[in-house]
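Here are the chains, one letter per residue:
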Amino acid sequence: MNKVFSINSGHFKLDGGAMFGVVPKSMWQKANPADDNNMCSWAMRCLLVDTGDRRILIDNGMGDKQDAKFFSHYYPHGTDSIAGNLAVHGYTVDDITDVFLTHLHFDHCGGGIRREGDKLVPVFKNADYWTTRAHWDSALAPNEREKASFLKENILPMAETGRLKFIDTPDGGEWIPGFGISYVNGHTDAMMLPRVQYKDTTLLFCADLVPSAPHVSLPWVMAYDMRPLETLGEKKRLLTEAADNNWILFFEHDPVNECATLQNVEGRIRVKEIFKLGER
């Protein structure tokens, strides 16, 4: 049976309007209050899946290798770190065998590479780094709108150090026993959502399809998404399945809420319960 642990890599800030899209500030401000610059705090919450013979880390935050100008845009704050939160559960970065990357935006993969003098080296030196060929190709040749999210110093060292591996699991299939994948394309090309068997149900790692609990509401779609109408359809399909089957949703960016279950209320998907992963 899989053991799973919430591993928060830290917090950062993003513009509230960008995170909530067409939703008016009068509504989203209640869910995540903004500062004087309209910036809201967000988590970069990763997931450790221990299968017994593999220790898989899903995403790894933004890391600390960027310059001061870069960080001035994103205001990293708090005391959380991957190493610190792995240690809470008795693990080290050297115990990780696989780094599963939902996608290669800087706040999801930047923590996998660090600076060592003038070199860029893997943080998880015993791990393979997993993405898909379709997403990799998209990240290396991004459109102008998405270019700022794909940073070569985060991405290229994975290949240069020989750690990069490609997943070819079909949509809805199992990558390894107890670890399935759903693909979505509204936020970015070929984003992978892990579906991890956990106790008597499925845990859906929501990545940027549903970054926080308020985003369960279908119209709450980020302005960062490349294809917002596609996101809308993907959310409706997966959240309906989650509600029908009592799945646990794991939120990567919600600063407060880790997990939720859903319910269908008169044809609308709503949050049923909010809880910490360790409470289940």
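Scroll up to find the structure.
Residues numbered from 1 in each chain as written. Predicted model: local features only at pLDDT ≥ 70, side-chain atom pairs only at ≥ 80, totals over all residues. Heavy atoms only, no water.

Draft legend 1. Region of interest: the sheet that holds strand β2 (residues 39-50). Overall, mixed pairing links the six strands, which are arranged β1-β2-β3-β4-β7-β8 in an open sheet. The open sheet terminates on both sides in strands that have one partner only, identified here as β1 (3-15) and β8 (164-166). The average angle at which neighbouring strand axes cross in this sheet is 25 degrees, direction not considered. Bridge count between β2 and strand β3 (residues 55-58): four bridges; the pairing is antiparallel. Bridging from a neighbouring strand, L48 pairs with L57 of β3. (Pairing = 2+ DSSP bridges. Helix = DSSP H or I, 4+ residues; strand = E, 2+ residues; numbered from the N terminus. Axes fitted to C-alpha atoms, helices over the stretch in contact; angles between N-to-C directions.)

Draft legend 2. Seen up close, the pattern of salt bridges. Counted under the stated rule, the structure contains nine salt bridges. Linking D94 and K125 is a salt bridge whose minimum nitrogen-to-oxygen distance equals 4.0 Å. Placement of D94 in the loop between α4 (82-88) and β4 (98-100) and of K125 in the loop between β6 (119-122) and β7 (128-131) is noted, with a sequence separation of 31 residues between them. By relative accessible area, which is 35% here, D94 ends up partly exposed. (Salt bridge = Lys/Arg side-chain N within 4 Å of Asp/Glu carboxyl O. Buried < 20%, exposed > 50% of the residue type's maximum accessible area, 1.4 Å probe, protein only.)

Draft legend 3. A look at helix α8 (residues 228-244). The terminal C-alpha atoms of α8, which comprises 17 residues, lie 24 Å apart, in line with the 24 Å expected from a rise of 1.5 Å per residue. Those residues of α8 that are buried lie in contact with β10 (179-184), β11 (191-198), β13 (248-250), β14 (259-265) and β15 (268-275). N246, located one to two residues past α8, shows a positive phi value of around 60 degrees. (Expected span 1.5 Å × (residues − 1). Contact = heavy atoms within 4.5 Å.)

Draft legend 4. Local environment of the sheet that holds β15. A sheet is described by the order of its strands in space; here seven strands give the open sequence β9-β10-β11-β12-β13-β14-β15, paired in mixed fashion. The strands lining the two open edges of the sheet, one partner per strand, are β9 (174-176) and β15. Averaged over all adjacent pairs, the angle separating strand axes in this sheet is 35 degrees, with direction ignored. Across two bridges, β13 lies against β14 in antiparallel orientation. Bridging across to β14, F250 finds its partner in C259.

Draft legend 5. Quick look at the packing of aromatic side chains. One pass over the full model with this rule turns up 15 aromatic pairs. Ring centres of F124 and Y129 lie 6.5 Å apart, and the angle between their planes is 50 degrees; on these two criteria the pair is classed as tilted. By relative accessible area, which is 0% here, F124 ends up buried. Judged by relative accessible area, Y129 falls into the buried class, the value being 1%. Taking 5.1 Å as the distance between ring centres and 70 degrees as the angle between the ring planes, the aromatic pair formed by W175 and F179 counts as edge-to-face. The exposure class assigned to W175 is buried, which follows from its relative accessible area of 14%. With relative accessibility at 1%, the residue F179 sits in the buried group. Every member of this aromatic cluster is reached through a ring pair, and the members are F20, W28, W42 and W220. Directly above the ring of W175 sits R54, whose terminal nitrogen or CZ lies 5.2 Å from the centroid. (Phe/Tyr/Trp six-rings, centres within 6.5 Å; stacked < 30°, edge-to-face > 60°. Lys NZ or Arg CZ within 6 Å of the ring centre and 35° of its normal.)

Draft legend 6. How the structure looks around the packing of helix α6 (residues 133-140) against helix α7 (residues 152-160). It is the contact of α6 with α7, at a shortest axis distance of 10 Å, that shows an interaxial angle of 130 degrees. On the basis of the axis angle, α6 is oblique to α7. Seen along the crossing, α6 lies across α7 with a hand that is left-handed. Taking contact as the criterion, the partners of W136, A139 and L140 in α6 are, on α7, I155, L156 and A159. Broken down by class, the residue content of the contact of α6 with α7 amounts to six nonpolar, no polar and no charged. (Parallel < 35°, antiparallel > 145°, perpendicular 65-115°, else oblique. Left-handed = near helix turned anticlockwise from the far one by under 90°. Nonpolar A, V, L, I, M, F, W, Y, C, P; charged D, E, K, R; others polar.)

Draft legend 7. Quick look at the pairing of β15. In this structure, β14 lies alongside β15, joined through seven bridges in antiparallel fashion. From the neighbouring strand, V265 faces β15, where its bridge partner is R268. From the end of β14 to the start of β15, which pair antiparallel, there are two residues, and E266 there has a positive phi angle of about 50 degrees.

Draft legend 8. Summary view of the environment of D225. Within the secondary structure, D225 is located in the loop between β12 (201-205) and α8. Of the residues examined, D225 reaches a relative accessible area of 3% and is grouped as buried. Along the primary structure D225 and T188 are separated by 37 residues, whereas in three dimensions their C-alpha atoms are 6.6 Å apart. Beyond its immediate sequence surroundings of up to four residues, D225 is in contact with R145, G186, H187 and T231.

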